[in-house]
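Results of the structural survey
Spelled out, the chains give:
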Amino acid sequence: MISITVNGRDVNIEHPMSVRELLETVEVPPNYLAVEVNAEVVAREAYGEQMVNEGDDVEVVTLVGGG
Amino acid sequence: MTQSEAPLVVGGHTLASRLIVGTGRYDTMQQMRDSLDASGADCVTVAVRRERLYERGGQNILDFIDLDRYTLLPNTAGCYTAADAIRAAKLGREILRTLGNPGADWVKLEVLGDSKTLLPDPTETVTACRALADDGFQVLCYTSDCPVTAQRLKAAGAASVMPAGSPIGSGQGLLNPNNLQIILEYLKNDDPDYPVIIDAGVGTASDVAQAFELGGDAVLLNTAIAHARDPIQMARAMKHAAIAGRDAYLAGRIPKRLYGTASSPSEGVISTRPYGSEA
């Protein structure tokens, strides 16, 4: 198991994995989301290559109502 | 002859409606969708927030916004530093890029300085504006009604400066129309097509009309519609106020006079003037 942070919460995952693999656990259409790993935006085309490793800080955001 | 005009251009975007409306604070997504429709807007703002990955079950706003009809304008609302606002802007750009929405290249920049008044932090806003403009964003910049800050933001590369009428969500209307007039004069001097958008503080339709009568190019509002007793009816009122205010501005109001001037001819009237009034 490795420890990462997702949206400010500590999360344990089985092993280092790609962003794409990590997002498979989320029931939101992927084009409604944007992802940062360690404060850098990950382009959707790079979800397969971008790995999430021990200690990484992941943010997954979407759009909500706002003014 | 009625003065006709070209549609408003902000950055690289041409807007059919001069009303930009927010999508927040509605009771339901359906009410939001119907209010957007009634407002006649073709540009709507959205916010970037953490996805609630572990407590899901809610609806996504994107299921209620026709992306072929509306250009989304992502905001950086709730950010208090330039660094956070830049992050939010880049995340919003990535979502809109993957959605194929034209709004991917612009952002409504909002960097707050005080959580009670929601007034902007001018130095952080200028810093973020410059950085985002350098990164290729069309920056629509929320600011106070301070003419000096407005000039700094334009110089920092803002595609549009958006002074507040009054604090966000306060419904107080335009508290300092003199400052707004000075901003319009300064920013449009030698650059008459530079878009100045009145953002925030609108309470009701007359505030929208007033913003346009002053010469504002567009009005951005959210709460005045979303929290009206009947949001859909208020959205329609705002649409008409925008058209009325803009038309009145283009038509040119009469000067104010201290004394009355009769609309009906004085010649041929059957009248006596008992108190010695002179003609």
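Treat the numbers as computed from the prediction; the structure is a model and nothing was measured.

Moving on, we come to the interface of chain B and chain A. The interface is formed by 32 residues belonging to chain B together with 29 residues belonging to chain A. Buried surface at the junction of chain B and chain A, both sides included, amounts to about 2800 Å², of which 59% is carbon and sulfur. Joining chain B to chain A, the criterion identifies three salt bridges. For Arg-97 of chain B, the salt bridge is made with Glu-45 of chain A, and the minimal N-O distance between the two is 2.8 Å. Here chain B and chain A share 17 residue pairs in polar contact (both at pLDDT 80 or more) between them.

Glancing now at the confidence of the model for chain A. Confidence along chain A averages 93 in pLDDT terms, with 100% of residues attaining 70 or more. Looking over chain A, one finds the lowest element-wise mean pLDDT in strand 2 (residues 9–13) of chain A, namely 92, and the highest in strand 5 (residues 40–42) of chain A, namely 97.

For Ala-34 of chain A, the position within the fold is in strand 4 (residues 34–37). Between the C-alpha atom of Ala-34 of chain A and that of Leu-63 of chain A, which follows or precedes it by 29 residues, the distance is 9.2 Å. Here Ala-34 of chain A is in contact with Tyr-47, Glu-59, Val-60 and Val-61 of chain A together with Leu-91, Glu-94 and Ile-95 of chain B, once residues within four sequence places are set aside.

Once that is clear, we can look at the UniProt feature "binding site: 1-deoxy-D-xylulose 5-phosphate" (unreviewed entry) in chain B. Within the UniProt annotation, "binding site: 1-deoxy-D-xylulose 5-phosphate" (unreviewed entry) is assigned to Gly-169, Ala-200, Gly-201, Asn-222 and Thr-223 of chain B. Sequence-wise these annotated residues cover 55 residues; spatially they are packed, their C-alpha atoms never more than 9.1 Å apart. The subset of the named residues that lines the largest pocket consists of Gly-169, Ala-200, Gly-201, Asn-222 and Thr-223 of chain B. Positionally, Asn-222 of chain B belongs in the loop between strand 10 (218–221) and helix 7 (223–226). Each residue touching Asn-222 of chain B, except ones within four places of it in the same chain, is listed here: Gly-66 and Gly-67 of chain A together with Gly-22, Thr-23, Gly-24 and Tyr-26 of chain B. Within the structure, the side chain of Asn-222 of chain B is placed 2.8 Å from the backbone oxygen of Gly-24 of chain B, a separation counted as a polar contact. Following the sequence through the fold, Thr-223 of chain B ends up in helix 7. The exposure class assigned to Thr-223 of chain B is buried, which follows from its relative accessible area of 18%. Ignoring sequence-local partners within four residues, the contact set of Thr-223 of chain B consists of Arg-25, Gly-169 and Ala-228 of chain B.

Counting through the fold element by element, Gly-67 of chain A comes out in the segment after strand 7 (57–65). As for Gly-67 of chain A and Leu-23 of chain A, which are separated by 44 residues in sequence, their C-alpha atoms are 28 Å apart. With sequence-adjacent residues up to four places away left out, Gly-67 of chain A is seen in contact with Gly-22, Thr-45, Asn-75, Lys-108, Leu-220 and Asn-222 of chain B.

Further remarks concern the packing of helix 6 (residues 205–214) of chain B against helix 8 (residues 231–251) of chain B. The description of two helices packed together rests on the angle between their axes and the distance between the axes. Residue and element names in this part refer to chain B. For the pair helix 6 and helix 8, the least separation of the axes is 7 Å and the interaxial angle reads 25 degrees. The angle between helix 6 and helix 8 falls in the class roughly parallel. The handedness of the crossing between helix 6 and helix 8 comes out as right-handed. Of the residues in helix 8, those in contact with Ala-205, Val-208, Ala-209, Phe-212, Glu-213 and Leu-214 of helix 6 are Ala-237, Met-238, Ala-241, Ala-242, Gly-245, Arg-246, Ala-248 and Tyr-249. Taken together, the residues of the contact of helix 6 with helix 8 sort by class into eleven nonpolar, one polar and two charged.

Criteria and cut-off values
- Once a new chain begins, its residue numbering starts again from 1 and follows that chain's sequence as written.
- Note on labels: chains are lettered from A, ligands numbered from 1, in written order.
- Residues qualify for local features only when their pLDDT is at least 70, as the model is predicted, and side-chain atom pairs are given and counted only at 80 or more; totals for whole chains, interfaces and linings, by contrast, use all residues.
- The side-chain quantities take in all heavy atoms of the structure and omit both hydrogens and water.
- Whether two residues touch is decided by their heavy atoms; if any such pair falls within 4.5 Å, the residues are in contact.
- Take the accessible area each of two parts loses on contact, using a 1.4 Å probe, and add the two losses: that sum is the buried area.
- We define a salt bridge as a side-chain nitrogen of Lys or Arg found within 4 Å of a carboxyl oxygen belonging to Asp or Glu.
- Two N or O atoms count as a polar contact when they lie within 3.5 Å, although within protein this holds only if one can serve as hydrogen donor and the other as acceptor, and sequence-adjacent residues are included solely when both atoms are side-chain atoms.
- Every residue gets a pLDDT, meaning the predictor's confidence in that residue, from 0 to 100.
- Under the scheme used here, helices are H or I runs from DSSP no shorter than 4 residues and strands are E runs no shorter than 2 residues, and both carry numbers assigned from the N terminus.
- UniProt positions are given in the numbering used here, feature names are shortened, and annotations may be inferred rather than shown by experiment.
- A cavity here means a set of points on a 1 Å grid, drawn over the protein atoms and nothing else, where a 1.4 Å probe fits but cannot get out; a pocket is an open set with protein on both sides within 12 Å along at least five of seven lines, and a residue lines either one if it has an atom within 4 Å of a point.
- When a residue's accessible area, from a 1.4 Å probe over protein chains only, is under 20% of the maximum for its type it is buried; when over 50% it is exposed; and in between it is partly exposed.
- Axis lines are fitted to C-alpha atoms, over the contacting stretch for helices. Their N-to-C directions set the angle, which ranges from 0 to 180 degrees.
- An angle counts as roughly parallel when it lies under 35 degrees, as roughly antiparallel when it exceeds 145, as roughly perpendicular when it falls between 65 and 115, and as oblique in every other case.
- By definition, turning the near helix anticlockwise from the far helix through less than a right angle yields a left-handed crossing, and turning it clockwise yields a right-handed one.
- Polar here means any residue other than Ala, Val, Leu, Ile, Met, Phe, Trp, Tyr, Cys and Pro, which are nonpolar, and Asp, Glu, Lys and Arg, which are charged; Gly is therefore polar.

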